[in-house]
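# Summary of the model geometry
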There are 2 protein chains.
Amino acid sequence: MKISREKWSQNFSQWFDWVLSQAEFYDYGRYPVKGTGVWMPYGFKLRQNVIDLLRSLLDQTGHEELLFPLLIPEGLLKKESEHIRGFEREVFWVTQGGEEKLEERFALRPTSEVSITFMESLWIKGYTQLPRKFYQIVSVFRYETKATRPLIRVRELTTFKEAHTLHETYDDAARQVNEAVEIYSKFFDALGIPYLISKRPEWDKFAGAEYTIALDTIMPDGRALQIGTAHHLGQHFTKAMDYKVQRADGSLDYPHQTSYGVSDRVIATVISINGDDHGPILPPLVAPIEVVIIPIPAKNPEDDQRVLSYAKEVLSMLRSSGVRATLDDSKDKTPGEKYYVWELKGVPIRIEIGMREVTSGTVFLKRRDTLESKVVGREGVVEEIRELERRMSEDLKARAWKEFREKVRAFDSLDDVKKFLETRGGIAEVRWCGSESCGLKIEEETNSRVLGAPLEPTGGGNCVVCGKPASNSLRIAKTY
Amino acid sequence: MKISREKWSQNFSQWFDWVLSQAEFYDYGRYPVKGTGVWMPYGFKLRQNVIDLLRSLLDQTGHEELLFPLLIPEGLLKKESEHIRGFEREVFWVTQGGEEKLEERFALRPTSEVSITFMESLWIKGYTQLPRKFYQIVSVFRYETKATRPLIRVRELTTFKEAHTLHETYDDAARQVNEAVEIYSKFFDALGIPYLISKRPEWDKFAGAEYTIALDTIMPDGRALQIGTAHHLGQHFTKAMDYKVQRADGSLDYPHQTSYGVSDRVIATVISINGDDHGPILPPLVAPIEVVIIPIPAKNPEDDQRVLSYAKEVLSMLRSSGVRATLDDSKDKTPGEKYYVWELKGVPIRIEIGMREVTSGTVFLKRRDTLESKVVGREGVVEEIRELERRMSEDLKARAWKEFREKVRAFDSLDDVKKFLETRGGIAEVRWCGSESCGLKIEEETNSRVLGAPLEPTGGGNCVVCGKPASNSLRIAKTY
């Protein structure tokens, strides 16, 4: 018997709020600043494990972590005019220090291109120092006027990993954008998150970019969620700051840049993507607790002590092998009540230990996703758990990709697209001539958002709007 | 021959600025917001290692990490009147969101007592949930009007570890303050930082506290630096918010709280405390690089390749044993120039590898602090390094404590105190009757700051001001 996934997919928004608060990931909507939330200890650990994974991928590829100030002076932020136009309606401004009005306003960083370019101009003078790849993991602030949603659309994004790189040539920067997409693909693959990679349309690229590549997933309610972006910034910012470096041929020129980011949304996806009506199923790789041990009360109460000490032995065996395990020996709950709590928290593996296990020297393992169980000898339990986790991670990923693929469909008419997006939801693909006017028409007629086009254009067919020969597909979705 | 420590102690302020910028720890004073700086990659790693050490001490003692929003609404911040009076002159205010004036101003957190108490009142309803110990590591903001100094007095403290705990009784909270002091003592001991523990005088306790215990060290220039504080908050904040919990006897009462913090100043101390004229000497426990390998060019250039591949073998042997090692094989610098760079960066151990080492299968180790060297067989190099690090850490700590103790002296007259603090500097102790008026007089006459009294009062002698019988000593210093 499997756990139903009806509420999870049909009432996803309620499901998500329920899980975040009841499983104590993130307390949202009660702290008295709109669009902000508190990472509670359990959620904080999940966040930390996800961050550690991302850090290791970035460090392996020569990225260097640093930390910039939060505040950006208005004059600096306004150096690049396209950029500030894209952000100025959502900037929080600090205007007052103590009782004094500040001479210049400070923005709470909405993103850090200008700050980092400013410091790069002091640090990096010539091509021998290039490329340079920096990143930081910080809070960024957006005065969102749209409806806010926990971890998905907030005013303080508390987990914004922004990378900023500097290169001698346009092509070097373009290759770096590809590396960024590769790193993010590995990151999402490790977490079992399915995604599509699209080149955002001209009218929806990052403010101040040559082009933007984005990775989108689909949430259980069928809406697309942007979970990573990479921007080729060209010389926009370096020109705006009149920052030149010496090139290999001795000439001075503006260096080329990229930036790329992921946010809290990745953690929202990790929590959501493998859910069911009992709660989330966290990937073992990042689950704060991989295994919970539940002692089963004995018929003969004198045996309870034996059960408990056996459970503690198993616990310490697991912990000493590096398995993040916990024992729920609370007295005020039945095993059933405990199952409920730990399923809601998304712990991937449950161990039940009663007198049967004590006398036979075994351990009873149960998978959170399929509810399949297995009795294994106590000695081999660590290997069994590692193997079970490996299979579970694969199965979860395969299921998520299967569901994702079912939600990506090609259409010949905008009416069908509209119907598809309004009923099932997902990502629709149509053939497209490549023109902005037809792209905007598609958005208008389907009342949806264009995600962009595949990176490798495909010929054939005709544009769904103008009927001219198509040069690529265009992807459309209801988005967050 | 030892490296001189004259500039380090005589011109400490310049020494510190030089090290921070030239060794690429922290770029200060160039980012265009006064009192802020950028953690550069090398400094960021040191910061990260120090944070990891602190986290492990807190996690071991049942503290739970979480993360609160940065912004605090003015109304919430003003709930506790003593507290806001202590902070209001140094609060940065956000007043504007996009083009709109905000209905209520938001403070950039100067500290988080009120936010955390507010959420605790939603989470924790009764004594069975107590005690609860939370912490977060965040940026806090102070609109400092005094002269700012990198990592020591800044407007954005980027590494503020603040713990907040909740208890049923006053005594439980008092015991928690003691635990906090114990944890900080272990933390500073592990880093080899000497300190004195003092109870801050009434007139200098934390705004909203029953009492404050502080840990102070002495910087190379003789000035005292507060590096940790722990506050018994009593029921100040819970009463201000009318937050009660159910006690064991069934009654409802305001819970008791503590808070305690350390900041960037710890990292400033780690960099400063063991310096000499070539730079800092970082404790091996937290040094971003424990060992740097420098290849020595061979007489016969054809041998250079053998030297380099031998050096690479040693490097990978060290790394695979978990030693944070690096190889400086840059072509454009002489070994002497490389020594200069890595000494400036404070790397505790240097390995030199030339043909002599290649042919004899040995490794030449050199300590950063004493310049003592040792030739060891290649096979045993990891054990030798671990042993050398153990001795170095002990020696550095012993030296720092010896220098510290020489700077703490008892005096019978305020004139002598004044002379001592104005010439050598350090911490002076005088006998004291315990009255605030005599304490303030001591500050005034010595033009210095009272740090407070030892936790265990000692009788005997007479107050240096009024001549009445003394109840304790009082500590005085020039402070940062």
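Residues numbered from 1 in each chain as written. Chains lettered and ligands numbered in written order. Predicted model: local features only at pLDDT ≥ 70, side-chain atom pairs only at ≥ 80, totals over all residues. Heavy atoms only, no water.

### Notes on the state of the cysteines
Going by this rule: Sulfur atoms of two cysteines make up a disulfide when they are within 2.5 Å. For the exposure calls, accessible area comes from a 1.4 Å probe over protein chains only, and a residue counts as buried if that area is under 20% of its type's maximum, exposed if over 50%, partly exposed in between.
Going through the model one piece at a time under the given rule, you end up with zero disulfides over all chains. Not part of a disulfide, Cys-463 of chain A finds its nearest cysteine sulfur in Cys-466 of chain A, a span of 3.7 Å. For Cys-463 of chain A, a relative accessible area of 4% gives the class buried. For the unlinked cysteine Cys-433 of chain B, the closest cysteine sulfur is that of Cys-438 of chain B, found at 3.7 Å.

### Let's talk about the pattern of salt bridges
What counts, and what does not: Counted as salt bridges are all cases of a side-chain nitrogen of Lys or Arg within 4 Å of a carboxyl oxygen of Asp or Glu. A run of H or I in DSSP becomes a helix once it reaches four residues, and a run of E becomes a strand once it reaches two; helices and strands are each numbered from the N terminus.
Counted by the stated rule, this structure contains 72 salt bridges over all chains. A salt bridge links Arg-390 of chain A to Glu-394 of chain A; its shortest N-O distance comes to 3.0 Å. Placement of both Arg-390 of chain A and Glu-394 of chain A in helix α13 (residues 381–406) is noted, with a separation of four residues, approximately one turn of the helix. Classification of Arg-390 of chain A by relative accessible area gives partly exposed; the value is 41%. Two residues, Arg-324 of chain B and Glu-290 of chain B, come together in a salt bridge whose shortest N-O distance is 3.8 Å.

### Points about the relation of the copies chain B and chain A
Test applied: Alignment of copies: least-squares fit on C-alpha atoms of residues with pLDDT of at least 70 in both copies. Residues are treated as being in contact if the distance between any of their heavy atoms lies within 4.5 Å.
Overlaying chain B on chain A yields an RMSD of 0.0 Å, the required transformation being a rotation through 180 degrees with an accompanying axial translation of 0.0 Å. Here the transformation between the copies is reduced to the relation of a two-fold axis. Closest approach to the rotation axis within chain B is made by the C-alpha atom of Val-94 of chain B, at a distance of 2.1 Å. Here 100% of the contact residues of chain B are again contact residues in chain A; the copies associate through an equivalent surface.

### Regarding helix α7 (residues 170–191) of chain A
All names here are of chain A. Stated precisely, the cut-off is as follows: Here the expected span of a helix is defined as 1.5 Å times the quantity of residues minus one.
The end-to-end C-alpha separation of α7 is 32 Å, in line with the 32 Å expected for 22 residues at 1.5 Å each. Along α7, the positions that sit buried rather than exposed are Ala-173, Ala-174, Gln-176, Val-177, Ala-180, Val-181, Ile-183, Tyr-184, Ser-185, Phe-187, Phe-188 and Leu-191. Gly-192 sits one or two residues past α7 and shows a positive phi near 70 degrees.

### Here we look at the UniProt feature "domain: Aminoacyl-transfer RNA synthetases class-II family profile" (unreviewed entry) in chain A
The test is simple: UniProt positions are given in the numbering used here, feature names are shortened, and annotations may be inferred rather than shown by experiment.
As recorded in UniProt, the feature "domain: Aminoacyl-transfer RNA synthetases class-II family profile" (unreviewed entry) lies at residues 41–283 of chain A. In the segment residues 41–283 of chain A, helix accounts for 32% and strand for 31%; the C-alpha atoms at its two ends are 18 Å apart.

### Things to note about the sheet that holds strand β4 (residues 71–73) of chain A
Whether parallel or antiparallel, the strands of a sheet pair through hydrogen bonds between backbone atoms. For the record, the criterion: In this analysis, strands are considered paired if DSSP registers two or more bridges between them. Angles shown run from 0 to 180 degrees and are taken between the N-to-C directions of axes, each axis being a line fitted to C-alpha atoms and, for helices, limited to the stretch in contact.
Reading across the sheet, the six strands line up as β4(A)-β6(A)-β5(A)-β5(B)-β6(B)-β4(B) and stay open at both edges, with antiparallel pairing between neighbours. Every interior strand has two partners, whereas the edge strands, β4 of chain A together with β4 (71–73) of chain B, have only one. For this sheet, the mean inter-axis angle between neighbouring strands, taken without regard to orientation, is 45 degrees. Here four bridges tie strand β5 (residues 92–97) of chain A to strand β6 (residues 100–108) of chain A, and the two strands are oriented antiparallel to one another. Paired with Gln-96 of chain A across the two strands is Lys-101 of chain A, which belongs to β6 of chain A.

### So, the interface of chain B and chain A
To be explicit about the condition: Each of two parts loses accessible area, computed with a 1.4 Å probe, when they are put together; buried area is these two losses added. Identification of polar contacts relies on pairs of N or O atoms within 3.5 Å, with a donor-acceptor requirement for protein atoms, meaning one able to donate a hydrogen and the other able to accept it, and with residues adjacent in sequence counted only if both atoms are side-chain atoms.
Listed as interface residues are 54 residues of chain B and, on the opposing side, 54 residues of chain A. Counting the surface lost from both chain B and chain A, the interface buries some 4600 Å², and carbon and sulfur atoms represent 67% of this. When the buried area of chain B at its contact with chain A is split by residue, Tyr-31, Leu-67 and Pro-69 of chain B rank highest and sum to 14% of it. At the boundary of chain B with chain A, the tally comes to 19 residue pairs in polar contact (both at pLDDT 80 or more).

### What about the packing of aromatic side chains?
Under the convention used in this document: Any pair of Phe, Tyr and Trp rings, taking the six-membered ring for Trp, is counted once the centres come within 6.5 Å. Such a pair is stacked with planes under 30 degrees apart, edge-to-face with planes over 60 apart, and tilted for the rest. In this scheme, the term charge over a ring applies when either NZ of a lysine or CZ of an arginine sits within 6 Å of the ring centre and within 35 degrees of the ring normal.
Scanning the entire structure with this criterion turns up 35 aromatic pairs over all chains. Ring geometry for Phe-25 of chain A and Tyr-42 of chain A: centres 5.2 Å apart, planes at 50 degrees, overall tilted. On the criterion of sequence distance, the pair formed by Phe-25 of chain A in the loop between α2 (12–22) and β1 (26–28) and Tyr-42 of chain A in helix α3 (residues 41–60) is long-range, its members being 17 residues apart. With centroids separated by 4.9 Å and ring planes inclined at 45 degrees, the aromatic side chains of Phe-411 of chain B and Phe-420 of chain B adopt a geometry described as tilted. Side by side, Phe-411 of chain B and Phe-420 of chain B carry an identical accessibility label, which is buried. Feature note: the residues Tyr-184, Phe-187, Phe-188, Tyr-195, Tyr-260, Trp-401 and Phe-404 of chain A constitute an aromatic cluster, connected by ring pairs. Arg-5 of chain A extends its terminal NZ or CZ atom over the ring of Trp-8 of chain A, reaching a point 3.9 Å from the ring centre. A cation sits over an aromatic face here: Lys-345 of chain A above Tyr-42 of chain A, 4.2 Å from the ring centre.

### Concerning the environment of Ile-293 of chain B
With respect to the element layout, Ile-293 of chain B can be found in strand β15 (residues 291–295). When neighbours within four sequence positions are excluded, Ile-293 of chain B is seen to be in contact with Ala-311, Val-314, Leu-315, Leu-318, Thr-326, Leu-327, Asp-328, Ile-351 and Ile-353 of chain B.

### Details of the domain arrangement of chain A
Residue and element names in this part refer to chain A. Here is the rule: How far each domain reaches was decided by an automatic or database domain assignment. Amino acids outside the nonpolar list (Ala, Val, Leu, Ile, Met, Phe, Trp, Tyr, Cys, Pro) and the charged list (Asp, Glu, Lys, Arg) are all regarded as polar, and Gly is one of them.
The domain architecture assigned to chain A consists of domain 1 (6–272), domain 2 (291–384) and domain 3 (408–477). A straight line from the C-alpha centre of domain 1 to that of domain 3 covers 28 Å. Contacts between the two partners involve 15 residues from domain 1, matched on the other side by 19 residues from domain 3. Across the domain 1 to domain 3 interface the summed buried area is about 1400 Å²; carbon plus sulfur atoms make up 64%. Of all residues in domain 1, Leu-196, Trp-203 and Ile-218 bury the most surface against domain 3, accounting for 42% of the area lost on that side. A salt bridge links Arg-449 to Asp-204, with the shortest nitrogen-to-oxygen separation between them at 3.1 Å. In this structure, the connection of domain 1 to domain 3 is made through six residue pairs in polar contact (both at pLDDT 80 or more). If you tally residues by element for the side of domain 1 that touches domain 3, the top one is strand β9 (residues 196–199), at four residues. In terms of residue class, the side of domain 1 that touches domain 3 is built from seven nonpolar, two polar and six charged.

### Observations concerning the environment of Glu-406 of chain A
Residues and elements named next belong to chain A. Tracing the backbone through its elements, the reader meets Glu-406 in helix α13. Looking at Glu-406, the relative accessible area reads 40%, which means it is partly exposed. Each C-alpha atom, one on Glu-406 and one on Arg-247, is 49 Å from the other, the two residues being 159 residues apart in sequence.

### As for unusual backbone geometry
Here the bond from Leu-130 of chain A into Pro-131 of chain A is cis, since omega is -5 degrees, no more than 30 degrees from zero. Mapped onto the fold, Pro-131 of chain A is located in the loop between α6 (113–123) and β7 (132–141). Phi is positive for Glu-24 of chain A, close to 60 degrees, though the residue is something other than glycine. A positive phi is found at Asp-242 of chain B, a non-glycine position, where the angle reads about 50 degrees.

### Observations regarding a negative patch on the surface
All names here are of chain A. Stated precisely, the cut-off is as follows: Nonpolar side chains (Val, Leu, Ile, Met, Phe, Trp, Tyr) are joined into patches within 5 Å and like charges within 9 Å, using only residues with over 30% relative accessible area and no salt bridge. Calculation of accessible area relied on Shrake-Rupley with a 1.4 Å probe; when residues are assessed, cover is drawn exclusively from the protein chains displayed. Charge counting treats Lys and Arg as positive and Asp and Glu as negative, with His and both chain ends excluded. Taken as the charge location is NZ of Lys, CZ of Arg, CG of Asp or CD of Glu.
Judged by side-chain charge, Asp-412, Asp-415, Asp-416, Glu-444 and Glu-445 come together as a negatively charged surface patch. Where the negative patch is concerned, the elements lending two or more residues are α14 (414–423) and α15 (436–446). Mapped onto the elements, Asp-416 comes out in helix α14. Residue classification places Asp-416 among the partly exposed residues on the basis of a relative accessible area of 35%.

### Comments concerning the side chain of Ser-448 of chain A
Residues and elements named next belong to chain A. Within the secondary structure layout, Ser-448 lies in the loop between α15 and β22 (449–454). Exposure remark for Ser-448: the relative accessible area of 11% places this residue in the buried category. Polar contacts involving the side chain of Ser-448 include one to the main-chain carbonyl oxygen of Thr-446, which spans 2.8 Å. Setting aside residues up to four positions removed in sequence, Ser-448 forms contacts with Leu-421, Glu-443, Ile-476, Ala-477 and Lys-478.

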